[in-house]
Amino acid sequence: MNPLLRWFHQFGSPPVFHAVAGRWAPWLYLVATPLLLWGMYAGLFSVPADYQQGDSYRILFVHVPSAWMSLFIYGVMGVNAFIALVWRIKISETLAMCCAPIGAAFTLVTLITGAVWGKPMWGTWWTWDARLTSELVLLFLYLGVIGLYAAIEDRRAAARAACFLALIGVVNVPIVHFSVEWWNTLHQGATIRLFRESTMHSSMIAPLLAMTFGTKLWFVASLLARTRVAMLDLESGKDWARRSAGIAP
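Each residue is numbered by its place in its chain's sequence as written, counting from 1. Local features are withheld for residues below a pLDDT of 70 in this predicted model, meaning they are given only at 70 or higher, and side-chain atom pairs are given and counted only at 80 or more; totals for whole chains, interfaces and linings count all residues. Each side-chain value is derived from all of the structure's non-hydrogen atoms; neither hydrogens nor water enter the calculation.

Naming follows an unreviewed UniProt entry, where the protein chain appears as Heme exporter protein C of Chiayiivirga flava. UniProt positions are given in the numbering used here, feature names are shortened, and annotations may be inferred rather than shown by experiment. Here is the UniProt Function (unreviewed entry) comment for the protein chain, exactly as written: "Required for the export of heme to the periplasm for the biogenesis of c-type cytochromes." What UniProt states about the protein chain under its Sequence similarities (unreviewed entry) heading is, verbatim, "Belongs to the CcmC/CycZ/HelC family."

So, in structure tokens, the structure goes:
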């Protein structure tokens, strides 16, 4: 068997995943924490004020990484949902379901911080702007996946139904991302670009990148930790799960 496929099948085994996730999650938290602390401190206190927005723009060091994460996590959830529905891999089902609460939290932070920024900039806490509305729809999709998974007693059947809903919602991800380009909106366009010159001052980029990488590492660590607990619950009747939980067989 191809080494990559062999690794994929081994990693898809609940006992192997539980062991690997247990080793990696603490290290990911350890790396993510200083990145987040430095990025937040630098963004809120060290970098200069914006020449137009003053100090009000500082909340964007929290808002922008959270917004990126809200889309990134939905993409991860969608990929795992697809794998779960096509190949019926239990780990992918659980990973998809464990993505939803984390993604919902980042989306909620995005909406709240966006409202706090929008009040002094736009004069209102909320407007039915294309970007804001599609981001709100994203939150409802996350909550829908969480609710549907909780509503069905059979865990495997619940995961499959919720994965199907997650796949349907993937269509909203490009709508959120491209909304400022497709429609005339109040929301500003991208300030950091991969293939064109960024409009953000260079001194502001380092804290934003630290927050970006920190949130991604924190997400992976949280996903591994949540999935370990969920797999122990799903596999609670098996010997490996009982041993891992410290319960005598």
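What follows continues from the structure just given.
Turning to the nonpolar core, a few remarks are in order. For soluble globular proteins, nonpolar side chains are generally found buried alongside one another. Residues belong to a common nonpolar core when they are buried Ala, Val, Leu, Ile, Met, Phe, Trp, Tyr or Cys residues joined through side-chain atoms within 4.5 Å. Under the scheme applied here, a residue whose accessible area is under 20% of the maximum for its type counts as buried, over 50% as exposed, and between as partly exposed, the area being computed with a 1.4 Å probe on protein chains only. Counting residues in each nonpolar core, the largest one holds 42 residues, and the members touching the most others are Ile73, Tyr74, Met77, Tyr142 and Phe219. Counting from the N terminus, the helices are the DSSP runs of H or I reaching at least four residues and the strands are the DSSP runs of E reaching at least two. Those elements that provide at least two residues to this core are α2 (14–46), α3 (60–87), α4 (90–122), α5 (130–151), α6 (155–169), α7 (172–182) and α8 (202–234). Whether two residues touch is decided by their heavy atoms; if any such pair falls within 4.5 Å, the residues are in contact. If sequence neighbours within four positions are ignored, Phe219 has contacts with Met69, Phe72, Ile73, Val76, Cys99 and Ile102.

Within the fold, Ser92 resides in helix α4. Filtering out sequence-adjacent residues up to four positions away, Ser92 remains in contact with Asn80, Ile83 and Ala84.

Annotation from UniProt places "transmembrane region" (unreviewed entry) at residues 27–47, 67–87, 94–116, 136–152, 164–184 and 204–225. Segment residues 67–87 splits into 100% helix and 0% strand. End C-alpha atoms: 31 Å apart. Helix and strand shares over residues 94–116 are 100% and 0% respectively, and the end C-alpha atoms of the span are 34 Å apart.

On to α3. The terminal C-alpha atoms of α3 lie 40 Å apart, and with 28 residues this matches the ideal 40 Å at 1.5 Å per residue to within 8%. Arg88, located one to two residues past α3, shows a positive phi value of around 55°. Here a helix's expected span is defined as the number of its residues, less one, multiplied by 1.5 Å.

Attention now goes to the state of the cysteines. We call a pair of cysteine sulfur atoms a disulfide whenever their separation is within 2.5 Å. The final tally for this structure, using the stated rule, is zero disulfides. In this structure Cys98 is not part of a disulfide, and its nearest cysteine sulfur, from Cys99, lies 7.7 Å away. Cysteine Cys163 is unpaired, with the sulfur of Cys99 as its nearest cysteine sulfur at 9.9 Å. Judged by relative accessible area, which is 0%, Cys163 ranks as buried.

The residue Arg88 is not glycine, and still its phi comes out positive at about 55°. Locating Arg88 in the fold gives a position in the loop between α3 and α4. For Arg88, a relative accessible area of 51% translates into the label exposed.

What follows covers the side chain of His63. Positionally, His63 belongs in helix α3. Pairing of N or O atoms within 3.5 Å defines a polar contact, subject to two protein rules: one partner must be a possible hydrogen donor and the other a possible acceptor, and residues neighboring in sequence count only if both atoms are side-chain atoms. Within polar-contact distance, the side chain of His63 engages the backbone nitrogen of Gly114 at 3.3 Å.

Before going further, it helps to spend a moment on the environment of Tyr149. Looking at the element boundaries, Tyr149 is found in helix α5. Residues Tyr149 and Ala161, spaced 12 residues apart in sequence, show a C-alpha to C-alpha distance of 7.3 Å. Ignoring any residue separated from it by four or fewer positions in sequence, one finds Tyr149 in contact with Met97, Arg155, Ala158, Ala159 and Ala162.

This next bit is on the pattern of salt bridges. Salt bridge criterion: a side-chain nitrogen from Lys or Arg within 4 Å of a carboxyl oxygen from Asp or Glu. Per the counting criterion, the structure on display carries three salt bridges. For Lys90, the salt bridge identified is with Glu235, shortest N-O distance 2.5 Å. Of this pair, Lys90 sits in helix α4 while Glu235 sits in the loop between α8 and α9 (239–244); the two residues are 145 residues apart in sequence, bridging distant segments of the chain. The partly exposed category is assigned to Lys90, whose relative accessible area is 22%. Measuring nitrogen to oxygen at the nearest pair gives 2.7 Å for the salt bridge that ties Glu93 to Arg156. Residue Glu93 is located in helix α4, and its partner Arg156 is located in helix α6; the two are separated by 63 residues in the primary sequence. What emerges from the salt-bridge pattern is a single network uniting Lys90, Glu235 and Lys238.

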